[in-house]
Amino acid sequence: LNNSIENLEYCMVEAIRGLVQTHVEKVVFLEGHGELGERDVYDLTQLLAQYYQVDRGCLGNEAGVLDGYAAVIIADPQLPFSEEDKYILDQYIMQGGRVLWVVNGVKFSSDFLESQGATPIVALDLDINDMLFRYGVRIRHGLVQDLQCLPVPVDVSTNAQQPNWQPMPWTYAPLLLTSQASPITRNVAQVTATMASCIDLVGGDDGLHKEVLLATSSASRVTGTPAEVDLSLFDGNEEAFKYSYIPVAASLSGEFSSLYAHLLPPEEVTLNAPLRKKSVATKQIVVAAGSTIRNEWQQGQPLPLGYDRYTRMQFGNRDFMVNAVLYLTDDTGW
């Protein structure tokens, strides 16, 4: 009952806020590093369009290209970031910009996984580890496995002419727990992810506020790289899943230190302001699972973000991602 009352109050405040709002803020999906395309983030784009002007684009070499955007969304990049891109992002954050990092720690082939039932996994080097470490987080080059997971259909028949598809638990598709301590994830259902990495909160007493948003269950483990993921193999040995609540996503807030505090700006960048070594108070969110932001398609129609077509269940990905962007852009606490 209390949760229902809170949700009703929020809906009323949200409606009133929409009526009195006179300025539409802009958010942007970054491109140029193999990020998910418009088709893959179609559902989230439509949801965010209720609140923002949603753009897409590459950074180029103009240092102030992100000025005017309330938040930047980096959706599952696959190619390294150049020093110019890193400098532009870093200085955007130093000026109070907000970034939603949805970044995997491993590289794998979805096509191989679907066609062959297995895929090799290797560390994904996007050349942003130094940036994220400076901001207080590290994405590990491994995959989390969890006994609390989604099933996938696997052909268990020995006769190729008569397939027998049976649901089998797949520990590489964990159902992530949501934190009840954060307004981003409070009362949000479990978030589904496939081939998710994990994060470490680093930096010690750096004055930043760090809060875990998504984590595995009490029966999980981490697979390092390089390795191979095989759909047909299921290790149900509970003793092997001895780790609890491995962080997969976190929010960071406070005054961040610039990666370029003791470095020269890249020569190719067109500067529009002096280098800032310390940010004003701002926020970032890091999610080490690109699949959490990607919607699937079926019969030419986009499925809702977080909908699993095999179990026909809707998970909390939609609420989590929308709340994450709303939290980043909100300075009033609504």
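Calculation notes
Residues numbered from 1 in each chain as written. Predicted model: local features only at pLDDT ≥ 70, side-chain atom pairs only at ≥ 80, totals over all residues. Heavy atoms only, no water. Helix = DSSP H or I, 4+ residues; strand = E, 2+ residues; numbered from the N terminus. Rg over C-alpha atoms; globule rule 2.2 N^0.38 Å. Areas by Shrake-Rupley, 256 points an atom, 1.4 Å probe, with all protein chains shown as cover. Lys, Arg positive; Asp, Glu negative; His and termini not counted. Charge placed at Lys NZ, Arg CZ, Asp CG, Glu CD. Pairing = 2+ DSSP bridges. Salt bridge = Lys/Arg side-chain N within 4 Å of Asp/Glu carboxyl O. Buried < 20%, exposed > 50% of the residue type's maximum accessible area, 1.4 Å probe, protein only. Core = buried A, V, L, I, M, F, W, Y, C linked by side-chain atoms within 4.5 Å. Contact = heavy atoms within 4.5 Å.

Colleague: How should the overall build of the protein chain be read in this particular structure?
Modeller: Check the secondary structure of the protein chain and you find six helices and 21 strands. Here the C-alpha atoms of the protein chain give a radius of gyration of 20 Å, agreeing with the 20 Å that 2.2 N^0.38 yields for 334 residues. Along the longest, intermediate and shortest principal axes, the C-alpha atoms of the protein chain span 65 × 50 × 40 Å. Entry remark: accessible area of the protein chain is about 16,200 Å², with carbon and sulfur atoms responsible for 51%. When the 22 basic and 41 acidic side-chain charges of the protein chain are each reduced to a single mean position, those positions are 3 Å apart.

Colleague: Whenever I open this one, the sheet that holds strand β6 (residues 118–123) confuses me. Can you help?
Modeller: Hydrogen bonds along the backbone pair up the strands of a sheet, which may run parallel or antiparallel. Spatially, three strands are ordered β5-β6-β15 in an open sheet, and the strand pairing comes out antiparallel. With partners counted over all chains shown, the strands left at the sheet margins are β5 (106–107) and β15 (227–230), one partner each. Pairing of β6 with β15 involves four bridges; the strand directions are antiparallel. By the bridge assignment, I121 is partnered in β15 with A227.

Colleague: Please explain the pattern of salt bridges as it appears in this structure.
Modeller: Any two side chains of opposite charge can pair, so long as their charged atoms come close to each other. This structure, assessed with the given rule, holds 11 salt bridges. Note that D127 is salt-bridged to K86, the shortest N-O span being 3.8 Å. One end of the pair, D127, is in the loop between β6 and α5 (129–135); the other, K86, is in helix α3 (residues 83–94), and 41 residues separate them in sequence. Judged by relative accessible area, K86 falls into the buried class, the value being 0%. Measuring nitrogen to oxygen at the nearest pair gives 3.2 Å for the salt bridge that ties E296 to R309. Taken together, the residues E296 in the loop between β17 (282–287) and β18 (297–298) and R309 in the loop between β20 (307–308) and β21 (313–314) connect sequence positions 13 residues apart. Via salt bridges that share partners, E83, K86, D127 and D130 belong to a single interconnected network.

Colleague: Sorry, what's going on with unusual backbone geometry here?
Modeller: Trans is the prevailing form of peptide bonds, just as negative phi is the prevailing case for residues other than glycine. Omega for the peptide link from T225 to P226 comes to 0°, which places this bond in the cis form. Residue placement: P226 occurs in the loop between β14 (220–224) and β15. Phi at D76 is positive, roughly 60°, even though this residue is not glycine. Tracing the chain through its elements places D76 in the loop between β3 (69–75) and α3. Accessibility expressed as a relative area gives 13% for D76, which makes it buried. For M195, which is not glycine, the phi torsion reads 55° and is therefore positive. Inspection of the secondary structure assignment puts M195 in the loop between β11 (191–192) and β12 (199–201).

Colleague: Would you explain the nonpolar core in this entry?
Modeller: Soluble, globular proteins show a tendency: their nonpolar side chains are buried together. Formed by 39 residues in total, the largest nonpolar core has its most connected members in F29, L44, L100, I285, I293, F320 and M321. Contributing elements (two or more residues each) for this core: β1 (26–30), α2 (42–48), β3, β4 (99–102), β13 (209–215), β16 (247–254), β17 and α6 (317–329). Broken down by element, this core gets its largest block of residues, seven residues, from α6. Setting aside chain neighbours within four positions, we find L44 in contact with F29, I293, L305, M321 and V322. Counting residues in each nonpolar core, the second largest holds 36 residues, with V72, V103, V137 and V269 among its members.

Colleague: Can you walk me through the environment of V54 in this structure?
Modeller: Within the secondary structure, V54 is located in strand β2 (residues 53–57). Of the residues examined, V54 reaches a relative accessible area of 23% and is grouped as partly exposed. In the structure, V54 is positioned 44 residues away from Y10 in sequence and 23 Å away in space, judged by C-alpha atoms. Aside from chain neighbours lying at most four places away, what touches V54 is V27, F29, T45, L48 and A49.

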